[in-house]
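# Breakdown of the fold
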Amino acid sequence: MTDNTPRYLSLDRHLRAAFGEKVQKIPLDAGSTCPNRDGTLSFGGCTFCNAEGSGPGVGLGSLRDQWNRWRTRYAAMPRMKSTKLFLGYIQSFTNTYGPASRLAAMLRELSNLPGLVGACIGTRPDCLDKEKMSIMADCPWPEFWLEIGVQSFNDATLCRINRGHTAKDAENALLLAAHFGVKTCVHLMAGLPGESNEDFLNSVRRLASLPVSGVKLHNLYIPKGCAMEKDWLHGSLPLLEQEEYAVLAAKALTILPPSVVIHRLCADPAPGELAAPYWASQKRQTLDLINAALHYNNWTQGCKKTEKTGKAEKAVRGE
Ligand code: SF4
């Protein structure tokens, strides 16, 4: 394997193989809310979530207005202006919450957007049922992803971060989606309070045993205004170091089956929202460190190899 051979199946590579060209995501805000914020489960939300609902807060207007604004912006960028194919990404809050008719209307609105070849819809595991799955299974696009925030398969952790659902809920959602043939992308988070690195890898192992088609791995970061910010300010919430996370993410890749599409390998805070750690804003550097850990250990996605003698942590630091 040469040094620039891809060591994992990125979403970009998956989409280029499917469409023969670059496909760009466009973030959209459908004006959704969340049962963990509107009082149905809680008012406070998950302890790492801020007022933007763990999304980029991409702006106002109809989905079409937002779409057109992004298309105009991309058309003015030299490296993007030849891109013709797009995925609509509805990320913030819980987009399958509420009646199935709301979801159906959202998907109808998406289907009329020019250049759209697929969609990613973000949600949580306990806001899905057969009717909603059936609506999503009928989507006409070649690419449809149901993105499910799970974060951990450890119930004690889920309780501690006030997720308001269990690991079993996540498992049931994945099984239901698989039954309907809906592709799922699960979000997992490393560095959650009370969790060791091994706890995180155990969540990855549990996920790898379930029917899942895609994964997003995130390092825990503290957005300004979230409940965890107080613990961090009081010094009672240790955060992962950048090199430590890079090795952990690389190890997670070795556990995931090679066919699972890696949608993201580190968190990507919205501009201005990051309180800590400072390195969470250095996405390019974190990705380089993850790749360095993969290369140093000769790890590839799904290889399940053990760490080479010596410390990968030292290798990615160049020691
Ligand atoms: S489920 Fe998502 S939107 Fe709702 S509180 Fe948690 S992170 Fe925020």
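Here the structure is shown first, and the text comes after it.
This text gives an overview of the structure that appears in the document.

Analysis parameters
- Residues numbered from 1 in each chain as written.
- Predicted model: local features only at pLDDT ≥ 70, side-chain atom pairs only at ≥ 80, totals over all residues.
- Helix = DSSP H or I, 4+ residues; strand = E, 2+ residues; numbered from the N terminus.
- Rg over C-alpha atoms; globule rule 2.2 N^0.38 Å.
- Buried ≥ 20, exposed ≤ 12 C-beta atoms within 10 Å, placed from the backbone.
- Contact = placed C-beta atoms within 7 Å.
- Expected span 1.5 Å × (residues − 1).
- Arc of directions from axis to C-beta.
- Pairing = 2+ DSSP bridges.

What follows covers the overall build of the protein chain. For the protein chain, the helix and strand inventory stands at eleven helices and nine strands. Relative to the 2.2 N^0.38 estimate, which gives 20 Å for 319 residues, the radius of gyration of the protein chain is 19 Å and therefore close to what a compact globule would have. With respect to the three principal axes, the spread of C-alpha positions in the protein chain is 55 × 45 × 40 Å. Of all 319 residues assigned to the protein chain, the portion counted as buried reaches 43%. Excluding contacts between residues fewer than 6 apart, the proportion of contacts in the protein chain whose partners are at least 24 apart in sequence is 82%.

Attention now goes to helix α10 (residues 283-297). For α10, which comprises 15 residues, the first-to-last C-alpha distance of 21 Å matches the rise-based estimate of 21 Å (1.5 Å per residue) to within 8%. Looking at α10, one finds that the buried residues are Thr286, Leu289, Ile290, Ala293, Leu294 and Asn297. One side of α10 carries all its buried residues, which in axial view fall inside an arc of 140 degrees. Of the residues one or two after α10, Asn298 is the one with positive phi, at around 55 degrees.

Burial runs high along strand β6 (residues 214-219): six of the six residues are buried. Both faces of β6 are covered, namely the face carrying Gly214, Lys216 and His218 and the face carrying Val215, Leu217 and Asn219. Across six bridges, strand β5 (residues 183-190) lies against β6 in parallel orientation. Bridging across to β6, Met189 finds its partner in His218.

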